[in-house]
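# Coordinate analysis (summary)
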Amino acid sequence: MKKFAKVALIETKLFFRQKIAVFFTLLFPLFLLFLFGSIWGKEPNYFSYLLPMLVSIVAFSNALYGVGAVLSFYRESGILKRIGITPLPARTYIYGLLASRFLIVIFQAVFLFIVALIFYTVKVKGSFAALVIVLVIGVLSMISIGGIVAGFSKTYEASIAISNVLFTPLSFLSGAFIPIFILPKFLQTLANGSPLYHFIKVMQEIMVQGKGLREELVSLSVVVGCLLVCALISAKTFKLKGE
Amino acid sequence: MAIITVENLKKRYGEVEAVKGISFGIEDGEIFGIVGPNGAGKTTTIEVMEGFRKKDEGYVRVGEFDPEEGKKEFKEIMGVQLQKTAIFHALKVEEAINFFSSLYKKTTNPEKLLEIFSLTEKKKQYVKSLSGGEHQRLSVALAFVNDPKILFLDEPTTGMDPNARRDMWAVIEDSQKKGKTVVLTTHYMEEAEVLCDRVAIIDKGEIIALDKPRELIRKLDADRKIEFKLEERIDPELFLKSEKVEKIEERNGEYIILTKNPQPVLSRILAVCSKKSLELKGLRVIDATLDDVFVHLTGRKME
């Protein structure tokens, strides 16, 4: 457990030394918050719509580029091989990395929430506890998609390509950038299968309409289903040793 | 007492038979070299001993451990430098040392380790900013963080300049004095000759010779080379009167004599020079090397 914490710590340190990652995970969402806030900030409930979108995009991009691509890089460059020689199991290292990314995203979610609270008004009509539960499950679900990326890509380049292929359509269909209802019918159907879309939808409905977890069983099962399936597949496909 | 036993080790990658049933034992406290050209099977052999690679066939024991089981207790007592070690680029040198130290029960003083490997001045630098030689020193230093009983070093001096290479030899010899067993691979025959108590010369997945470097050279029974310079040119035939000479060459006053028995030939050279009052310059006797042993055994030069 002590070693696990050490890994999470060192991975967090490594994360903050990557300028691009820090920019896209921490600064860019903050910039968007103020940009959109200055335009539509006066609308009632605006931040109850915006925050879930920002948080889910942060979680999703972090999972793809901060987990999937990083793990592929570690494997390809032999870092996991080097870890595997020490008494620390390489799997423990990977879980430490996941924990670090999980905490960074949760931290960013809380941070954005507090900034919005200070400069604008944020309403949470439903249960705050339910919101936190959904946030945790949703972030884990996103991270598990990163595991799939690492599991299926043989090289770092491939992991970036797969990440790009996943990021564009899934974020497009998430409702984060354009509302789903203006899309053609078949795209709406596709969106209904997207965990990102349901993650955002549940958080928004808890915050705006005050819905409870029981009313969100369908969306929740998509998010949890994604988590279980991806975690299982990535555990099976991810090989510690490269070719 | 053998601390490492390898018997009939076989490993293949697809169609390629990388290691074809090799056997050897390594004594406790020995510096054991595995030498040979690139692609001979050195890395495969050492990685099987580290437990990193699974063998196809054979029996391997390191201490009381089967490396393949990858037991924690085994990993605690061994130090490994991989041929191509990747270290987190965004860590500083001292952070890397401290992090890897923190993964072991037994550790050694990080400051001292930095000093031994001449990295003290670089300790605040990021790993990515290190030169090739510095990176190599760090990756060997990481093999020492747990004060291991057994060291596996895969081409530890590759990419180092001659001075750094000599420093590294001193560090490795010193670790032997502290009771460690060292297994190293190299394709520098000179390194094996200077550093190793015994070497296994491996070629195309097979051990073609295994002994003390000096024994291997002695058994070769090769010609030794006598070189010298003279201000005035004299008839090389004068030296040929000694029957032990195999071959003699002269070029612009530089003489090269090949002989199995240098002593009478040297006497002859000295006698001739005194008689003719010639000044003898740059006289040296060059022994055969492990390179010559390899050429003799395989009929080709080491790449």
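All chains use their own residue numbering, which begins from 1 and follows the written sequence. Key to labels: chains lettered from A, ligands numbered from 1, both in the order written. Residues qualify for local features only when their pLDDT is at least 70, as the model is predicted, and side-chain atom pairs are given and counted only at 80 or more; totals for whole chains, interfaces and linings, by contrast, use all residues. The basis for the side-chain values is all heavy atoms of the structure; hydrogens and waters are excluded.

## Description of the overall build of chain B
Note the following rule: Under the scheme used here, helices are H or I runs from DSSP no shorter than 4 residues and strands are E runs no shorter than 2 residues, and both carry numbers assigned from the N terminus. For every residue, the accessible area obtained with a 1.4 Å probe (protein chains only) is divided by the maximum for its type, and the residue is called buried under 20%, exposed over 50%, and partly exposed between those limits. For the accessible areas, the method is Shrake-Rupley and the probe is 1.4 Å, while residue cover comes only from the protein chains on display.
Helices and strands together make up the secondary structure of chain B, namely 10 helices and 13 strands. Principal-axis analysis of the C-alpha atoms places the extent of chain B at approximately 70 × 45 × 35 Å. Taking all 303 residues of chain B together, 48% fall into the buried category. In the structure as shown, chain B presents an accessible area of about 14,800 Å², 46% of it carried by carbon and sulfur atoms.

## What about the pattern of salt bridges?
The condition is simple: We count a salt bridge whenever a side-chain nitrogen from Lys or Arg sits within 4 Å of a carboxyl oxygen from Asp or Glu.
Applying the stated criterion across every chain yields a total of 29 salt bridges over all chains. The shortest N-O distance in the salt bridge between B:Glu47 and A:Lys81 comes to 3.1 Å. Separated into two different chains, B:Glu47 in helix 1 (residues 42–50) and A:Lys81 in helix 4 (residues 79–85) make up a pair that spans both. Given a relative accessible area of 3%, B:Glu47 falls into the buried group. Residue B:Lys180 is joined to B:Asp147 by a salt bridge in which the shortest nitrogen-to-oxygen separation is 2.4 Å. With a gap of 33 residues between them, B:Lys180 in the loop between helix 6 (162–177) and strand 7 (181–186) and B:Asp147 in the loop between helix 5 (132–143) and strand 6 (150–154) connect regions that are remote in the sequence. Salt bridges sharing partners connect three or more residues here, namely A:Lys201, A:Glu205, A:Lys211 and A:Glu216.

## Details of helix 5 of chain B
Our working rule: The span one expects for a helix is its residue count, reduced by one, times 1.5 Å. By definition, residues are in contact when any of their heavy atoms lie within 4.5 Å.
Look at helix 5 of chain B: 17 Å from first C-alpha to last across 12 residues, which is about the 16 Å you get at 1.5 Å a residue. Of all 12 residues in helix 5 of chain B, 10 are buried, a share of seventy percent or more. Those residues of helix 5 of chain B that fall on the buried side of the exposure criterion are B:Gly133, B:Glu134, B:Gln136, B:Arg137, B:Leu138, B:Ser139, B:Val140, B:Ala141, B:Leu142 and B:Ala143. Residues of helix 5 of chain B that are buried make contact with helix 4 of chain A together with strand 5 (78–81), helix 3 (93–101), helix 4 (110–116), strand 6 and helix 6 of chain B.

## A word on the sheet that holds strand 1 (residues 2–13) of chain B
All names here are of chain B. Here is the rule: Following DSSP output, two strands are said to pair if at least two bridges run between them. Axes, fitted as lines to C-alpha atoms, cover a helix only where it is in contact. Angles between the N-to-C directions of the axes lie from 0 to 180 degrees.
The strand order 2-1-4 describes an open sheet built from 3 strands, whose pairing is antiparallel. Every interior strand has two partners, whereas the edge strands, strand 2 (16–27) and strand 4 (57–62), have only one. The sheet shows a mean angle of 15° between the axes of neighbouring strands, taken without regard to direction.

## Some details on the confidence of the model for chain B
Here is the rule we go by: Scored between 0 and 100, pLDDT is the confidence that the predictor attaches to each residue.
When pLDDT is averaged along chain B, the result is 90, and 99% of the positions lie at 70 or above. Across the interfaces of the predicted complex, the ipTM metric reaches 0.85, alongside a pTM of 0.86.

## Thoughts on helix 3 of chain B
Taken across its 9 residues, helix 3 of chain B has 8 buried, putting it largely inside the fold. Looking at helix 3 of chain B, one finds that the buried residues are B:Val93, B:Glu94, B:Glu95, B:Ala96, B:Ile97, B:Phe99, B:Phe100 and B:Ser101. Buried residues belonging to helix 3 of chain B abut helix 1 (2–16), helix 4 and helix 5 (90–119) of chain A together with helix 4 and helix 5 of chain B.

## Looking at the sheet that holds strand 9 (residues 206–211) of chain B
All names here are of chain B. Ordered in space as 5-6-7-3-8-9, the 6 strands form an open sheet in which the pairing is mixed. Of all strands in the sheet, those bounded by a partner on one side alone are strand 5 and strand 9. Neighbouring strand axes in the sheet, compared pairwise and without regard to direction, differ in orientation by 15° on average. Note: strand 3 (residues 31–35) against strand 8 (residues 198–203), 4 bridges, orientation parallel. If you follow Val35 over to strand 8, its bridge partner there is Ile201. Those strands touched by helix 8 (residues 213–220) are strand 8 and strand 9, and its axis lies near 100° from that of strand 9.

## Brief notes about the pairing of strand 11 (residues 245–251) of chain B
Residues and elements named next belong to chain B. For strand 11 and strand 12 (residues 254–259), the ladder comprises 6 bridges, and the chain directions are antiparallel. Note on strand 12: the bridge partner recorded for Ile248 is Ile257. The hairpin formed by strand 11 and strand 12 contains 2 residues between the paired strands, and Asn252 there has a positive phi angle of roughly 50°.

## A few points about the interface of chain B and chain A
Selection criterion: Buried area: the accessible area, evaluated with a 1.4 Å probe, that two parts lose upon being put together, summed over both parts. A 3.5 Å cut-off defines polar contacts: any pair of N or O atoms within that distance qualifies, except that in protein one atom must be a possible hydrogen donor and the other a possible acceptor, and neighbouring residues in sequence count only when both atoms are side-chain atoms. Side-chain classes are defined by residue name, with Ala, Val, Leu, Ile, Met, Phe, Trp, Tyr, Cys and Pro counting as nonpolar, Asp, Glu, Lys and Arg as charged, and the others, Gly among them, as polar.
Each partner contributes residues to the interface: chain B has 26 residues there, and chain A has 23 residues. Summed over both partners, the interface of chain B with chain A buries about 2,400 Å², with 68% contributed by carbon and sulfur atoms. Of all residues in chain B, the largest losses of buried area upon contact with chain A belong to B:Phe52, B:Phe88 and B:Leu103, amounting jointly to 28% of the total for that side. Our count for the chain B to chain A interface comes out at 3 salt bridges. In this assembly, chain B and chain A are joined by 7 residue pairs in polar contact (both at pLDDT 80 or more). Mapped by element, the contributors of at least two residues to the side of chain B that touches chain A are helix 2 (72–77), strand 5, helix 3 and helix 5 of chain B. When grouped by side-chain class, the residues that make up the side of chain B that touches chain A number 16 nonpolar, 3 polar and 7 charged.

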